[in-house]
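# Structure assessment
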Amino acid sequence: MHLETEKQFNEIAQSIPYQTIQYKDVAITIKRLDQIHPAISGNKFFKLKYNFSQAKNLGYKGVLTFGGAFSNHIAATAFAAQLFGFKSLGIIRGEELQSHPYNATLTFAHEYGMQFSFISREQYRQKNQVDFIEQLKTNYPDYYLIPEGGTNDLAILGCQEILSPSDLQDYQTICCAVGTGGTISGIIESCQPHHQVLGFSALKGDFLTREVQQFTSKKNWKIIDDYCCGGYAKVTAELINFIRSFEQKYQIPLEQIYTGKLLMGIFDLVDQGKFPSKVLVIHSGGLQGRSSII
Ligand SMILES: *Cc1c(COP(=O)(O)O)cnc(C)c1O
């Protein structure tokens, strides 16, 4: 690993504020990872740290990764790549997106030097297949590959640093949003048996439980997909209304893909009387992707 890169990552991290809100009889403390860095926001900071360290260590000149057109991971990777002196290439889902103008996420990533390769949704589905990966490695030999959403073993290692020793001491119940499962896996790995980790899925289906089981053998966690609003990036009027009133009441910004669904789920479980008297919630950032319809 490349200690200088890790040190630089630690140096650009801003201090992470906590905000406690009271909802009915539950004190909900929100750990604002969205504030850790203006561009390498939230959980992506932790997911990228050791990947960039490894890429430097192995002498790569660029990083290559995957994402949709609104991906927080794409935005964060582009920024970090430029900061740490790498070229960057994003394999983007959706051929039709080639035509300009780019949306805000792609415009941002492009400004920070990311080149794009737009592929069809069908091709994109092969992104984890050996042949596809081998082809990319042949085509881009000096690029370090980071999977979609940034989830790999080094990302999980980084996410073990999300909870501080005092978080672990002060809270038993910890809630976070789940996309590919990397963040929750790191959090689970850093916890002890008396902790309970609840993941609120942004996607429909129970495949994420199997995914997370590949990264951890611990059992004190659960993934809930009841608040995914029908699936990834899907929204309902209820969700949008929830986000609006939450933001107005508590002055904490959310977005519609992850953190809005997370807080909506937590509030509903409090309504059902299913929560202990205090919980820690990880605000994983992602505000660059906040929709203008909110
Ligand atoms: C990427 C992202 C997630 C999902 O993290 P995973 O490690 O893929 O589960 C959650 N919240 C926000 C805001 C994100 O940008």
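These figures come from a predicted structure and were not determined experimentally.

This brings us to the overall build of the protein chain. A count of helices and strands for the protein chain gives 12 helices and 10 strands. Here the C-alpha radius of gyration of the protein chain, 19 Å, is about what a compact globule of 294 residues would show, namely 19 Å. By the burial criterion, 56% of the 294 residues in the protein chain qualify as buried. Here the analysis covers contacts within the protein chain between residues at least 6 apart in sequence; of these, 74% occur between residues at least 24 apart. A total of about 13,300 Å² of accessible surface is found on the protein chain, and carbon and sulfur atoms cover 49% of it. If you average the places of the 27 positive and of the 27 negative side-chain charges in the protein chain, the two averages end up 2 Å apart.

Let us now look at unusual backbone geometry. Leaving glycine out, the prevailing phi sign among residues is negative, and the prevailing peptide bond configuration is trans. Phi is positive for K24, which is not a glycine, with a value near 50°. The topology assignment puts K24 in the loop between β1 (18-23) and β2 (26-32). One non-glycine residue, Q251, lies in positive phi territory at about 60°. Within the secondary structure layout, Q251 lies in the loop between α11 (237-250) and α12 (259-271).

Here we come to the UniProt feature "active site" (unreviewed entry) in the protein chain. On the UniProt side, "active site" (unreviewed entry) is annotated at positions that read S71 here. Mapped onto the elements of the fold, S71 is located in the loop between β3 (62-67) and α3 (72-83). The residues touching S71, leaving out its near neighbours within four places in the chain, are T105 and Q288. At 3.1 Å, the side chain of S71 and the backbone nitrogen of H73 are in polar contact.

Residues in contact with the ligand amount to 15 residues; listed here are only the nearest, K44, K47, N72, T180 and T183. Between the ligand and N72, the relevant distance is 2.7 Å, taken from an oxygen atom to a side-chain nitrogen or oxygen of the residue. Separating an oxygen atom of the ligand from a side-chain N or O atom of T180 is a distance of 2.6 Å. More than half of the atoms belonging to the ligand lie within 2 Å of the grid points that define the largest pocket. At the level of elements, α2 (43-57) and α9 (182-190) are the ones that each hand at least two residues to the shell around the ligand. Its residues assigned to classes, the shell around the ligand comprises 2 nonpolar, 11 polar and 2 charged.

A few words now on the side chain of Q256. On the secondary structure map, Q256 appears in the loop between α11 and α12. Using a relative accessible area of 8% as the deciding quantity, one classes Q256 as buried. Within polar-contact distance, the side chain of Q256 engages the backbone oxygen of G289 at 3.0 Å. A polar atom in the side chain of Q256 sits 2.9 Å from the backbone nitrogen of S291. When sequence neighbours within four positions are dropped, the list of residues in contact with Q256 reads V235, L239, I240, I243, K261, G289, R290, S291 and I294.

We now examine the layout of surface pockets. What the largest pocket holds in volume is close to 1,000 Å³. As for the largest pocket, its lining consists of 44 residues, and the residues nearest its centre are E148, G149, T180, Y232 and Y258. Elements with a minimum of two residues in the lining of the largest pocket: α2, β3, α3, α5 (121-124), β7 (173-178), α9 and α10 (207-215). Of all the elements, α10 adds the most residues to the lining of the largest pocket, at 4 residues. Residues belonging to the lining of the largest pocket are distributed by class as follows: 17 nonpolar, 19 polar and 8 charged. Here the lining of the largest pocket spans two domains, since at least three of its residues come from each of domain 1 (3-38 + 159-289) and domain 2 (45-150).

Burial within β2 is extensive, with 7 of its 7 residues counted as buried. As paired strands, β2 and strand β10 (residues 278-283) are joined by 6 bridges and run parallel to one another. When the sheet's bridge partners are listed, K31 is paired in β10 with I282.

Another point: the pairing of strand β4 (residues 87-93). By the criterion of burial, β4 is predominantly enclosed, with 5 of the 7 residues buried. In this sheet, β4 lies alongside β3 in parallel orientation, the contact comprising 6 bridges. Directly across from F66, in β4, lies its bridge partner I91. Crossover handedness for the path β3 to α3 to β4: right-handed. In this structure, β4 lies alongside strand β5 (residues 114-119), joined through 6 bridges in parallel fashion.

Rules of the game
Within each chain, residue numbers correspond to sequence positions counted from 1 in written order. With the structure being a predicted model, the display of local features is reserved for residues of pLDDT at least 70 and the display and counting of side-chain atom pairs for 80 or more, all residues being used for whole-chain, interface and lining totals. Hydrogen atoms and water are omitted, and side-chain values are computed over all heavy atoms in the structure. Secondary structure elements follow DSSP: runs of H or I of four or more residues count as helices, runs of E of two or more count as strands, with numbering from the N terminus. With C-alpha atoms as the basis for the radius of gyration, the globule rule is written as 2.2 Å multiplied by the number of residues raised to the power 0.38. Exposure categories follow from relative accessible area, calculated using a 1.4 Å probe and restricted to protein chains: below 20% of the type maximum is buried, above 50% is exposed, and the middle band is partly exposed. Note on contacts: a residue pair qualifies if any of its non-hydrogen atoms lie within 4.5 Å across the two residues. Residue exposure ignores everything except the shown protein chains as possible cover, and the areas themselves are Shrake-Rupley values with a 1.4 Å probe. His is not counted here, nor are the chain ends, while Lys and Arg score as positive and Asp and Glu score as negative. A charged residue contributes its charge at one atom only: NZ of Lys, CZ of Arg, CG of Asp or CD of Glu. UniProt positions are given in the numbering used here, feature names are shortened, and annotations may be inferred rather than shown by experiment. Polar contacts, as counted here, are pairs of nitrogen or oxygen atoms within 3.5 Å of one another; within protein the pair requires one atom able to donate a hydrogen and one able to accept it, and residues that are adjacent in sequence qualify only if both atoms are side-chain atoms. Consider each residue's heavy atoms; a residue with any of them within 4 Å of a molecule or strand counts as near. For cavity detection a 1 Å grid was placed over the protein atoms alone, and a set of points counts as a cavity when a 1.4 Å probe fits there but cannot get out; an open set counts as a pocket when protein lies on both sides within 12 Å along at least five of seven lines, with lining residues being those that have an atom within 4 Å of a point. For this analysis, a molecule is said to be in a pocket or cavity if more than half of its atoms are within 2 Å of the grid points defining it. When residues are grouped by polarity, Ala, Val, Leu, Ile, Met, Phe, Trp, Tyr, Cys and Pro land in nonpolar, Asp, Glu, Lys and Arg in charged, and all others, Gly among them, in polar. Grid points are joined across faces, edges and corners, and a volume is the space filled by probe spheres set on the points. For the purposes of this description, domain bounds are those given by an automatic or database domain assignment. Strands are treated as partners if at least two bridges between them are detected by DSSP. For the handedness criterion, the strands are oriented away from the viewer, and a crossover whose path from the first strand over the helix to the second runs clockwise is classed as right-handed.

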